[in-house]
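Coordinates in review
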Amino acid sequence: MIDPEYEVVIGLEVHTELKTKTKIFCSCSTEFGQEPNSHVCPGCLGMPGVLPVLNKKVVEFAIKAGLALNCNIEEFSKFDRKHYFYPDLPASYQISQLDQPICLKGYLDIDADGVSKRIGINRIHMEEDASKLVHGGETISSSFYSLVDYNRGGSPLLEIVSEPDMRSPKEARDYLEKLKAILEYTEVSDCKMEEGSLRCDANVSIMPKGSKVFGTRVEIKNLNSFRAMERALEYEIQRQIEAVEDGEPLYQETRTWDETKGVTLAMRSKEEASDYRYFPDPDLVPVIVSREWVEEVQRNLPELPQARKERLISEYGLPEYDASIITASKGLADYFDACVKLYPEAKTVSNWLMGDLIRLLNAEEQDIKECAVTPEMLINMLKLIDQGTISGRIAKTVFEEMFKTGKNPEVVIEEKGLVQISDQSAIDAMVDQVLADNPKSVEDYQAGKERAMGFLVGQVMKMSKGKANPGMVNELLKEKLK
Ligand SMILES: [Zn+2]
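Reading guide: rules and limits
- Residues numbered from 1 in each chain as written.
- Predicted model: local features only at pLDDT ≥ 70, side-chain atom pairs only at ≥ 80, totals over all residues.
- Heavy atoms only, no water.
- UniProt positions renumbered as here; feature names shortened; annotations may be inferred.
- Donors = N, O, S within 2.8 Å, 3.2 Å for Na, K, Ca; no water.
- Tetrahedral: all angles 85-135°; square planar, octahedral: opposite > 155°, others 65-115°.
- Buried < 20%, exposed > 50% of the residue type's maximum accessible area, 1.4 Å probe, protein only.
- Pairing = 2+ DSSP bridges.
- Helix = DSSP H or I, 4+ residues; strand = E, 2+ residues; numbered from the N terminus.
- Contact = heavy atoms within 4.5 Å.
- Axes fitted to C-alpha atoms, helices over the stretch in contact; angles between N-to-C directions.

As recorded in an unreviewed UniProt entry, the chain goes by Aspartyl/glutamyl-tRNA(Asn/Gln) amidotransferase subunit B and comes from Dehalobacterium formicoaceticum. Of the chain, the UniProt comment under Subunit (unreviewed entry) reads exactly: "Heterotrimer of A, B and C subunits."

Right, here's the structure in full:
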């Protein structure tokens, strides 16, 4: 809980790796998880005398992301060299965009306690990624050596810089979730935080409530999950408030989030732009984007999360809550659309997706794209419920087995002997047995206690190991208790 005497100011810088086949300034592959240093050439290794050539797809993706985030697409932008010395950067400068980026002045709407709030986007620029260091030990300071993998070096990135418009860690999280969804829907990035294709740095400061002057700003790095970002911000806000209360100075610095200890740690004092000795890259011509090109990208822009959410509500009558959850991930929304094409009961589909499917995906830390149950298989199962072959309760067991094994529902039902019992005489016998075993409940029901009926149905279902047709059990019980 944040001290109500203070106001929190948060801005996010998000780096997203673009899903192009090749790197931004050479033709090396960007494929993830390859043999170290197998996707390199003199260009991305920073050898002198090699000229960079801009990948047109990178510009197209930048325009696409910019339009989806309501930015102005600049007709003229240019690349600059940002200098720093570190083994992950063989040329000792990173090609980036400083004062004339490709996109300016956009926005993104988030949910702030049920109210829509507009978060400004200051800019989006294109740049190349640095390489990856692999430390010999657990941490950099406990390692005897570090290895460099140049495969990632020169991969295309977009840096999306928000305005300092967020006022709580929760708002920051919602912004990042919405941003991730938009980048996924536009298919410019696969946004896998665990593989580093979506990375986030947060700038955070505090000020007395009602003040117009921002406090000393701290940048937090190494936030590689939504949870890490929220926790790191909560910790850092508390740290800053305590420092101010104790009369201790705050420094403008860069801190890193230590996930295990749950603390932010000072890394270095914050660099100014002048520390990087930026200058325009003389090897690259400016980027000129024609209006026609922007219009063409605009025409081909896919349906975005907000529009899709509204469509699910109007077209299928889904409650807003369901539509929000399903459209938060493009994969899930595509899955839903594929299901309702085969089966018109949209709410039933949505219940299965939001319940069992999401629960199992989370438990296995699986992406919907890796899910063994295809929309066709789920729908087959729903039809088997409708036909009375299995009960809704048994379907949960069937679904879990389908999820684990990728087998069709018919096969699972056959193998596990889960076919619903709809044989009148079999159910009749179980009902009689339950009535004989529970005279007290029978008495209660006949005395007008409706709840006793639920108990008796439950006993028959239990006796049949969930396989009795619940409709028939209900009917038979009612008849016998008349
Ligand atoms: Zn290369």
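Looking now at the coordination of the zinc ion. Protein-derived ligands of the zinc ion are Cys26 (SG), Cys28 (SG), Cys41 (SG) and Cys44 (SG), with the metal-ligand distances lying across 2.3 to 2.4 Å. Bound by 4 donor atoms, the zinc ion shows angles of 102 to 114 degrees at the metal and therefore tetrahedral coordination geometry. When the donor residues of the zinc ion are listed from N- to C-terminus, their spacing reads C-x1-C-x12-C-x2-C. We classify Cys41 as partly exposed; its relative accessible area is 21%. Cys44 gets classed as buried once you look at its relative accessible area, which sits at 11%.

Another aspect to go through is the sheet that holds strand β7 (residues 115-128). Spatial ordering of the open sheet is given by β2-β6-β7-β10-β1-β11-β12-β13-β14, a layout of 9 strands whose pairing is mixed. Both edges of this open sheet fall to β2 (72-73) and β14 (263-269), since each of them pairs with a single strand only. Packed onto the sheet, helix α1 (residues 56-68) meets β2, β6 (103-112), β7 and β10 (156-162) and runs at close to 170 degrees relative to β7. Packing against the sheet, helix α3 (residues 226-245) makes contact with β1 (6-17), β11 (198-208), β12 (218-223), β13 (253-258) and β14, and its axis sits at approximately 25 degrees to β11.

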